[in-house]
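Tertiary structure, described
Each chain, letter by letter, is given below.
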Amino acid sequence: MDNDINNTDKEFNPALEFDAFTAGIDDGGLRSSSTIVIIVCYILANCSEKITSKTIVEALVEGRIANYFEVSDAISKMKSKGYFIEDSEGFLTIVPDCKFAVEIVENDLPITIREKSIALVRKLAKRDINSKENKVTINEAANGFQVTLHVSDVDSDFMTLSLFVPTQTQAEFIKERFLQNPAGIYENLMNSLF
């Protein structure tokens, strides 16, 4: 593995500016391939949550920080060069050499981009874990939709809550809100009941 994240390859050279696709990003977003590589490594080096490639791509695209294709390409190149490892469940781990290199160049990224990226990745990583551990089903019913929320522990549900809503949009909204914090919803419900 090449230890210099800042070598002359296009994807690692911060001196090259505005060489990335910019469709879908806001002003202040990342416009160079090298800074997109750096933000991906920065995220992996600074998040304690389990993170997948999909989570990083979604976060940077949702935050309008970087272009979908550029982020996907950066992740693919970094994996092939051995800067991080993907386990059997799809979770990424940064290697020590890359983590060290990121510490040297991370200040080249605007602090607002760093903070926004980390916040979005943490939010999406938490949602991904919650959706694996808890289940939401939406079934069409007469005059609306039945939303069933399952709060699970290992292999069984310890709470199931069914709600009727008139529109699919409301059903999807409830699903998203539930998956953001199923434990908090459970806790609030239990506090209300007791």
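The structure under discussion appears in the preceding block.
In this report, the structure presented in the accompanying data block is examined. (Residues numbered from 1 in each chain as written. Predicted model: local features only at pLDDT ≥ 70, side-chain atom pairs only at ≥ 80, totals over all residues. Heavy atoms only, no water.)

On to the packing of aromatic side chains, then. On inspection of all chains with the given rule, the structure shows one aromatic pair. Here Tyr 68 and Phe 69 contribute two aromatic rings whose centre-to-centre distance is 5.2 Å and whose plane-to-plane angle is 90°, an arrangement assigned as edge-to-face. By relative accessible area, Phe 69 is classed as exposed at 58%. (Phe/Tyr/Trp six-rings, centres within 6.5 Å; stacked < 30°, edge-to-face > 60°. Buried < 20%, exposed > 50% of the residue type's maximum accessible area, 1.4 Å probe, protein only.)

This part is about a nonpolar patch on the surface. A surface patch of nonpolar side chains, amounting to about 310 Å² of accessible area, comprises Val 61, Tyr 68 and Phe 69. On the secondary structure map, Phe 69 appears in helix α3 (residues 68-80). (Patch = residues over 30% accessible without salt bridge, like charges linked within 9 Å, V, L, I, M, F, W, Y side chains within 5 Å. Areas by Shrake-Rupley, 256 points an atom, 1.4 Å probe, with all protein chains shown as cover. Salt bridge = Lys/Arg side-chain N within 4 Å of Asp/Glu carboxyl O. Helix = DSSP H or I, 4+ residues; strand = E, 2+ residues; numbered from the N terminus.)

What follows concerns the sheet that holds strand β3 (residues 135-141). In space, the three strands of this open sheet follow the order β3-β4-β5, with antiparallel pairing throughout. Edge positions in the open sheet fall to β3 and β5 (156-165), since each of these has one partner strand only. In this sheet, neighbouring strand axes are inclined to one another by 15° on average, regardless of whether the strands run parallel or antiparallel. Note: β3 against strand β4 (residues 144-153), seven bridges, orientation antiparallel. Following the sheet pairing, Thr 137 is matched in β4 by Thr 148. Packing of helix α6 (residues 168-180) onto the sheet brings it into contact with β3, β4 and β5, and relative to β4 it is tilted by some 10°. (Pairing = 2+ DSSP bridges. Axes fitted to C-alpha atoms, helices over the stretch in contact; angles between N-to-C directions. Contact = heavy atoms within 4.5 Å.)

In this section: the pairing of β4. For a regular strand, side-chain orientation follows a simple rule: the groups alternate between the two sheet faces. Most of β4 is tucked away, with seven of its ten residues classed as buried. Taking the residues that link successive antiparallel strands as the turn, the β3-β4 hairpin has two residues, and the phi of Asn 143 there is positive, at about 65°. In the sheet, β4 pairs with β5 via nine bridges, with the strands oriented antiparallel. Across the sheet, residue Thr 148 finds its bridge partner in β5, namely Ser 162.

As a further point, take the packing of helix α1 (residues 33-46) against α3. The description of two helices packed together rests on the angle between their axes and the distance between the axes. Where α1 meets α3, the closest approach of the two axes is 9 Å, and the angle between their N-to-C directions is 65°. Classed by the angle they form, the pair α1 and α3 counts as roughly perpendicular. In the packing of α1 onto α3, the handedness of the crossing is right-handed. From α1, Ser 33, Ile 36, Val 37, Val 40 and Cys 41 reach across to α3, where they touch Glu 70, Val 71, Ala 74, Ile 75 and Met 78. (Parallel < 35°, antiparallel > 145°, perpendicular 65-115°, else oblique. Left-handed = near helix turned anticlockwise from the far one by under 90°.)

Here the focus is the pattern of salt bridges. For the coordinates displayed, the defined rule picks out seven salt bridges. The residue Glu 58 makes a salt bridge to Lys 54 at a minimum N-O spacing of 2.8 Å. With Glu 58 and Lys 54 both in helix α2 (residues 53-62) and four residues apart, this pair spans about one turn of that helix. On the accessibility criterion, Glu 58 (24% relative accessible area) is partly exposed. For Lys 54, a relative accessible area of 52% gives the class exposed. Taking the shortest distance from any N to any O, the salt bridge between Glu 62 and Lys 123 comes out at 3.5 Å. Here Glu 62, found in helix α2, pairs with Lys 123, found in helix α5 (residues 111-133); they are 61 residues apart in sequence, far enough to count as distant. With a relative accessible area of 42%, Lys 123 lands in the partly exposed category.

Those residues of α2 lying buried are Ser 53, Thr 55, Ile 56, Val 57, Ala 59 and Leu 60. Against the buried residues of α2 lie α1, α3, β1 (84-86), β2 (92-94) and α5. Just beyond α2, the residue with positive phi is Arg 64, at close to 55°.

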